[in-house]
Amino acid sequence: MKVKRILRFYYCADSLERAFDNLILKIASSYDGSGFDSADRLCRIIGEKSELAALWDYLDGIISRLPEDDGAALEEYARLRCGIKRLSCEQIKRLRRAVIKFKRRARRLDSFKKGIELAGKYYCLMSV
């Protein structure tokens, strides 16, 4: 998964959490006669939510230690709807520096492979 998507997941996780909570509430409130199917779906959804929470905690540990201007640059980059070619040279340099600092500090990102796959799976639910 690309860095921009990972950063967008970090900065837009609130909307994804709301979607998960609504889905959990919908499954829990619907009764189809046998509760086993609903319970199985609930456990799967809660497990996915906990995987995403672990990924978010790891990203938060990295981004919270960056200087404020780098964190702001990463958030700006994550929320861009277009590429960086439309920005000025100084803005591009600032964003690239912040992304490189983030990538250097996120060395254990491969150990959160399942969380990254889930973030890609639910990417459409994240609102900018």
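Residues numbered from 1 in each chain as written. Predicted model: local features only at pLDDT ≥ 70, side-chain atom pairs only at ≥ 80, totals over all residues. Heavy atoms only, no water.

**Describing the overall build of the protein**
Then, in step 1: Along the backbone of the protein there are six helices and zero strands.
Then, in step 2: Taken from the N to the C terminus, the helices and strands of the protein come in the order α-α-α-α-α-α.
Then, in step 3: Counting only C-alpha atoms and orienting by the principal axes, one finds that the protein spans roughly 60 × 30 × 20 Å.
Then, in step 4: Counting across all 128 residues of the protein, residues that qualify as buried make up 38%.
Then, in step 5: Put simply, the protein shows about 8400 Å² of open surface, and 52% of that area lies on carbon and sulfur atoms.
Then, in step 6: Each charge class in the protein can be summarised by its mean position, and for the 27 positive and 18 negative side chains these summaries are 9 Å apart. (Helix = DSSP H or I, 4+ residues; strand = E, 2+ residues; numbered from the N terminus. Buried < 20%, exposed > 50% of the residue type's maximum accessible area, 1.4 Å probe, protein only. Areas by Shrake-Rupley, 256 points an atom, 1.4 Å probe, with all protein chains shown as cover. Lys, Arg positive; Asp, Glu negative; His and termini not counted. Charge placed at Lys NZ, Arg CZ, Asp CG, Glu CD.)

**Thoughts on the nonpolar core**
When a protein is soluble and globular, its nonpolar side chains tend to lie buried together.
Then, in step 1: Residues Leu 7, Phe 9, Leu 52, Leu 59, Leu 74, Phe 102 and Leu 109 are the most contacted members of the largest nonpolar core, which totals 41 residues.
Then, in step 2: Of all elements in the fold, only helix 1 (3-11), helix 2 (13-29), helix 3 (35-63), helix 4 (68-79), helix 5 (89-105) and helix 6 (113-121) reach the threshold of two or more residues within this core.
Then, in step 3: At eight residues, helix 3 tops the list of elements feeding residues into this core.
Then, in step 4: Non-local contacts of Leu 74, meaning those with residues more than four positions away in its chain, are made with Leu 7, Tyr 11, Ile 63, Leu 66, Ala 98, Val 99 and Phe 102. (Core = buried A, V, L, I, M, F, W, Y, C linked by side-chain atoms within 4.5 Å. Contact = heavy atoms within 4.5 Å.)

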